[in-house]
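Listed below, chain by chain, are the residues.
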Amino acid sequence: MRKMKKILSAALAALLLVGALAGCSGSSAGENGELVLYTWENMFPQEVLDAFTEETGIQVTYSNFDTDETMLARLETAKGGDYDLVIADDYIIETAIQQGLVQELDTSKLENYGSINPVYQGQFFDPEDKYTVPYGAGVQTIVYDPSVVDVDIQGYADLWDASLEDNVGIIGSFRVINGMALKVLGESYNTEDLAAIDAAGEKLLELAPNIRLIKDDNTQDDLLSGEVGAAVLYTSQVTLAKMANPDLEVVFPQEGIGFGIMAQFIPVNAPHAENAYKFIDYILQPEVAAQCFEYIGYYCTNLDAEQYISEEYRDFLTLPEDIGSGSMEMIGNVSAEALEEHQKVWTEFKAACGA
């Protein structure tokens, strides 16, 4: 999920910075009039932040981090204070909860809590939904141009087809790509079996001749330009690709769909926790949520918001009706030994691809 945050322009980032500075200055940001929001850049349309302030009088101080690990380190230093609301990725939230840095939610303060799509609840990082509210999901998909690709791609295994030699682009997330090979072999993304991970590595070496590029940023551009005919993309990249070329085919791999969730949580010593509840509830309003999902380009985690998502976005911001939690698996934390094996496999694969 981390690399998906690059969807928006520098101009919008500047607007958010203006909003943050406005929140830091002026007499209106008093004890009850401030919300310190901590997440990546460009996670909300400025008009949503402005409307929240207009409605509640609460000024939003927008503070951003570059990686989940940076967020966790700062939250540890602050002992769960300084920030009122954090939005981060699932695996790091699990660690923050285990370290006692997250407070339990009082859902009675969230009138719109029932709008959450249950597909994105009850997951490994918060199995009883005690601490978090989802804010967007990434679903691992394949996108290809049927005008230049001969094979009818239905799953990950089709990427090994000889007709795709030197014609596939992939993102640079090793757990996603290693996991792709694991799923082809009928294994879990989160297996602790080192032999299974090694076998996935051998399978990836067979894929190497088909890989033209391994690239995290703007990989969709290479698909749109014809540099590659098929690609494994992050969700926001899929959104950009489909908006630019509606004729592209999006495939939910038949071996099973991997997905990740970014979620909101209130730190244990948040200085303005009540304002965090107000903000969470505000963006849970279906029409507001739809604005946010169209802006960030992630899968919509608000079931009631789907009806408000524009038709042009709906096909790739909402899951098809026949896909449920039973066909999806999250990529979670694994042991140090399994992670080391994953890294070894990935290094060997990149070398075989000339990357």
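Residues numbered from 1 in each chain as written. Predicted model: local features only at pLDDT ≥ 70, side-chain atom pairs only at ≥ 80, totals over all residues. Heavy atoms only, no water.

(A) Local environment of the packing of helix 5 (residues 174-184) against helix 6 (residues 194-207). Between helix 5 and helix 6, the least distance of the axes is 8 Å, while the angle of their chain directions is 100°. By the angle class used here, helix 5 and helix 6 are roughly perpendicular. Here Ile177, Asn178, Met180, Ala181, Leu182 and Val184 of helix 5 lie close against helix 6, whose contacting residues are Ala196, Ile197, Ala200, Lys203, Leu204 and Leu207. Within the contact of helix 5 with helix 6, the residues separate by chemical class into ten nonpolar, one polar and one charged. (Axes fitted to C-alpha atoms, helices over the stretch in contact; angles between N-to-C directions. Helix = DSSP H or I, 4+ residues; strand = E, 2+ residues; numbered from the N terminus. Parallel < 35°, antiparallel > 145°, perpendicular 65-115°, else oblique. Contact = heavy atoms within 4.5 Å. Nonpolar A, V, L, I, M, F, W, Y, C, P; charged D, E, K, R; others polar.)

(B) How the structure looks around the packing of aromatic side chains. Scanning all chains against the criterion turns up eleven aromatic pairs. Each ring, one from Tyr38 and one from Tyr83, has its centre 4.0 Å from the other, and the planes form 10°; the classification is stacked. With Tyr38 in strand 1 (residues 34-39) and Tyr83 in the loop between helix 3 (68-77) and strand 3 (85-89), this residue pair connects regions lying 45 residues apart in the sequence. Summarising the burial analysis for this pair, Tyr38 and Tyr83 share the class buried. Residues Trp346 and Phe349 carry aromatic rings whose centres are separated by 5.8 Å and whose planes lie at 45° to one another, so their mutual orientation is tilted. Here Phe349 and Trp346 lie together in helix 12 (residues 336-353), a separation of three residues that amounts to about one turn. For the residue pair Trp346 and Phe349, the accessibility class agrees, reading buried in each case. Here the aromatic residues Phe44, Phe52, Tyr135, Phe279, Tyr282 and Phe293 are joined through ring pairs into a cluster of three or more. (Phe/Tyr/Trp six-rings, centres within 6.5 Å; stacked < 30°, edge-to-face > 60°. Buried < 20%, exposed > 50% of the residue type's maximum accessible area, 1.4 Å probe, protein only.)

(C) The arrangement of the pairing of strand 5 (residues 141-144) in detail. Neither face of strand 5 is exposed, since Thr141 and Val143 on one face and Ile142 and Tyr144 on the opposite face are all buried. Here strand 5 pairs with strand 8 (residues 230-233) via four bridges, running antiparallel. In the sheet register, Thr141 faces strand 8, and the bridge partner there is Leu233. Examined bridge by bridge, strand 5 and strand 9 (residues 249-251) share three bridges and lie antiparallel to one another. Bridging across to strand 9, Ile142 finds its partner in Val251. (Pairing = 2+ DSSP bridges.)

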